[in-house]
Amino acid sequence: MRITLADPTGFCFGVQRAISALEAALRSSKTHGSVVSIGMPIHNPQEVERLERLGLIVVKNTLEISKGATVFIRAHGEPRDVYNELLLSGNKIIDATCPFVKRVQDRAKELTETGYSVILLGDKDHPEVRSIVGNCMNNIEVVKTPSEAERITPRSKIGVISQTTQREEDFEQVVNLLQHKAGKLEISNTICRATVERQQAVRKLADSAEGIIIVGGKNSANTVKLYEIAKSRGTDAILVESSDELDRRWLKGKSIIGVAAGASTPEWLIVTICKAVAKMTVG
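Conventions adopted
All chains use their own residue numbering, which begins from 1 and follows the written sequence. Reporting of local features is limited, given that this is a predicted model, to residues whose pLDDT is at least 70; pairs of side-chain atoms are given and counted only at 80 or more, and all residues count toward the totals for whole chains, interfaces and linings. The side-chain numbers reported here are obtained from all heavy atoms of the structure, hydrogens and water having been left aside. Secondary structure counts use DSSP, requiring at least four H or I residues in a row for a helix and at least two E residues in a row for a strand, with both numbered from the N terminus. Any residue under 20% of the maximum accessible area for its type is buried, any over 50% is exposed, and the rest in between are partly exposed; the area is computed with a 1.4 Å probe on protein chains only. Two residues form a contact once any of their heavy atoms are found within 4.5 Å. Computed with the Shrake-Rupley method and a 1.4 Å probe, the accessible areas treat only the protein chains shown as cover for residues. In this text, buried Ala, Val, Leu, Ile, Met, Phe, Trp, Tyr and Cys residues form a nonpolar core when linked through side-chain atoms within 4.5 Å. Paired strands, as defined in this entry, are two strands with at least two bridges between them according to DSSP. Axis angles are defined between N-to-C directions and span 0 to 180 degrees, where every axis is a line fitted to C-alpha atoms and, for a helix, only to the segment in contact. Crossings are sorted by hand: turned counterclockwise from the far helix by less than a right angle, the near helix makes the crossing left-handed, and turned clockwise it makes it right-handed. Here the term charged refers only to Asp, Glu, Lys and Arg, the term nonpolar to Ala, Val, Leu, Ile, Met, Phe, Trp, Tyr, Cys and Pro, and the term polar to all other amino acids, Gly among them. We call a pair of cysteine sulfur atoms a disulfide when they lie within 2.5 Å. Under the pairing criterion, centres of Phe, Tyr and Trp rings, with the six-membered ring standing for Trp, must be within 6.5 Å; the plane angle then separates stacked pairs below 30 degrees from edge-to-face pairs above 60, leaving the rest tilted. Placement of a charge over a ring requires the Lys NZ or Arg CZ to be within 6 Å of the ring centre, with the centre-to-atom vector within 35 degrees of the ring normal. As defined here, a cavity is a set of points on a 1 Å grid over the protein atoms alone where a 1.4 Å probe fits but cannot get out. A pocket is an open set with protein on both sides within 12 Å along at least five of seven lines, and residues line them when an atom is within 4 Å of a point. Grid points are joined across faces, edges and corners, and a volume is the space filled by probe spheres set on the points.

1. Considering the overall build of the protein
Stage number 1. Within the protein, the secondary structure is distributed over 11 helices and 12 strands.
Stage number 2. Residues classed as buried in the protein amount to 54% of the 283 residues present.
Stage number 3. Contacts spanning at least 24 positions in sequence make up 71% of the contacts within the protein whose residues lie at least 6 apart.
Stage number 4. Per element, the accessible surface of the protein, about 13,400 Å² overall, is 50% carbon and sulfur.

Structure follows, in structure tokens:
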């Protein structure tokens, strides 16, 4: 059996930048107090467990944060009111918002301030989307799928943007649907390049592999999109968070296995999965 690794794979720039900042903060937390993250700092359970062993404290909301604590803002960003609340409580903020997410926040704000009705393609419950909407005083309409965009009422000015981890084909469909609903349509493709490259890599793998293993958190938007793309190409694909989820029976009869991973999947986990697959195919 041959194992083919997607290129690129592993942490994207924004996630690597955030994890490096968090690790640096945790190293200094022994003398400056604990470091708290509102929600999982990265959508990968194994990596979060590693960070918690280094001293990270993960909480659900600001109510669980003590005054004066150091608070880590993950790559997804946070709504403006969260920043204000933390500053009023005297918390030190380590802002690791991904620059590409910040670009979407800024673009959304610019569009709303110039009179556009902003339509955001994304998952309204995803932390990145909540941060974008929350930085525009909630004056944004979120659609999860192109079919939801069909129900948008006609407007004089519509600005369309995207969560950074969406599929380009979905964004294009939304744009085509909104063309007929806006007197003036302002299109801002804010899907980040790292997302596009990883999606293209999975499509390429699907052309040659008999099965594709997508490695990453099942709550990771960009990882789930990779799995959906692999399946849509007619390739036998599975999504796993750890080597414990691998099944020797799934590998049976396959001579070429592709391995891809989301932008929030650490390199060490990808290596672990590849070694586990190789071991299962021996003997």
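2. Quick notes on the nonpolar core
Stage number 1. The biggest cluster of nonpolar side chains holds 22 residues, and the ones touching the most others in it are Leu 22, Val 35, Ile 42, Leu 51 and Phe 72.
Stage number 2. Mapped onto this core, the elements with two or more residues apiece are α1 (13–32) and α2 (45–53).
Stage number 3. Residue contributions to this core peak at 6 residues, all from α1.
Stage number 4. Residue contacts for Ile 42: discarding those within four places in its chain leaves Phe 11, Val 15, Ile 19, Glu 47, Val 48, Leu 51 and Ser 264.
Stage number 5. In this structure, Trp 250, Leu 269, Ile 270 and Cys 274 belong to the second largest nonpolar core, which totals 17 residues.

3. Some points on the sheet that holds strand β1 (residues 2–5)
Stage number 1. On the basis of which strands lie adjacent, the open sheet formed by 4 strands has the order β1-β12-β10-β11 and parallel pairing. Each edge of the sheet is formed by a strand with only one pairing partner; in this case those strands are β1 and β11 (236–240). When the angles between neighbouring strand axes are averaged without regard to direction, this sheet yields 25 degrees.
Stage number 2. Note: strand β10 (residues 211–215) against β11, 5 bridges, orientation parallel. Bridge pairing in β11 places Ile 212 opposite Ala 237.
Stage number 3. Along the sheet, helix α9 (residues 221–232) makes contact with β10, β11 and β12 (256–261), crossing β11 at roughly 165 degrees.
Stage number 4. On top of the sheet, helix α11 (residues 267–280) reaches β1, β10, β11 and β12; it is set at about 165 degrees to β1, its chief contact.

4. Points about the packing of helix α4 (residues 99–113) against helix α5 (residues 127–134)
Stage number 1. Running from N to C, α4 and α5 cross one another at 35 degrees; their axes reach a closest spacing of 9 Å. Judged by the twist between their axes, the crossing of α4 over α5 is right-handed. Residues Val 101, Val 104, Gln 105 and Ala 108 of α4 touch α5, and the partners they reach there are Glu 128, Ser 131 and Ile 132.
Stage number 2. Broken down by class, the residue content of the contact of α4 with α5 amounts to 4 nonpolar, 2 polar and 1 charged.

5. Observations concerning the sheet that holds strand β8 (residues 155–162)
Stage number 1. Taken in spatial order, the 4 strands of this open sheet run β7-β6-β8-β9, and their pairing is parallel. Two strands close off the open sheet at either side, each with one partner strand: β7 (140–143) and β9 (182–187). Put simply, the sheet's adjacent strands are angled 25 degrees from each other on average, direction ignored.
Stage number 2. One ladder, built from 4 bridges, connects strand β6 (residues 117–121) with β7; its direction is parallel.

6. Thoughts on the state of the cysteines
Stage number 1. In the structure shown here, the tally under the stated rule is 0 disulfides.
Stage number 2. There is no disulfide at Cys 98, and the cysteine sulfur nearest it, in Cys 12, is 6.0 Å away.
Stage number 3. A residue is classified by how much of its surface remains accessible, and Cys 98, at 10% relative accessible area, is buried.
Stage number 4. Take Cys 136: it sits in no disulfide, and the sulfur closest to it among the cysteines is that of Cys 98, at 17 Å.

7. Regarding the packing of aromatic side chains
Stage number 1. Applying the stated criterion across every chain yields a total of 1 aromatic pair.
Stage number 2. Summarising the aromatic geometry, the rings of Phe 13 and Phe 100 are spaced 6.3 Å apart at their centres and angled 80 degrees between planes, so their arrangement reads as edge-to-face. Placement of the pair is Phe 13 in helix α1 and Phe 100 in helix α4, with a sequence separation of 87 residues.
Stage number 3. Across from the ring centre of Trp 250, 4.4 Å away, lies the NZ or CZ of Lys 254, which sits over that ring.

8. Some points on the layout of surface pockets
Think of a ball as big as a water molecule: rolled over the atoms, this probe shows where empty space is left.
Stage number 1. Its boundaries defined by the atoms lining it, the largest pocket holds a volume of some 360 Å³.
Stage number 2. Among the secondary structure elements, those contributing two or more residues to the lining of the largest pocket are α1, α4, α8 (193–206) and α9.
Stage number 3. In terms of residue count, α1 provides more of the lining of the largest pocket than any other element does, 5 residues in total.
Stage number 4. Among the residues forming the lining of the largest pocket, the class breakdown is 15 nonpolar, 10 polar and 3 charged.
Stage number 5. When its volume is computed, the second largest pocket comes out at roughly 300 Å³.
Stage number 6. Lining the second largest pocket are 18 residues, with Asp 123, His 126, Lys 144, Ala 221 and Lys 225 positioned closest to its centre.

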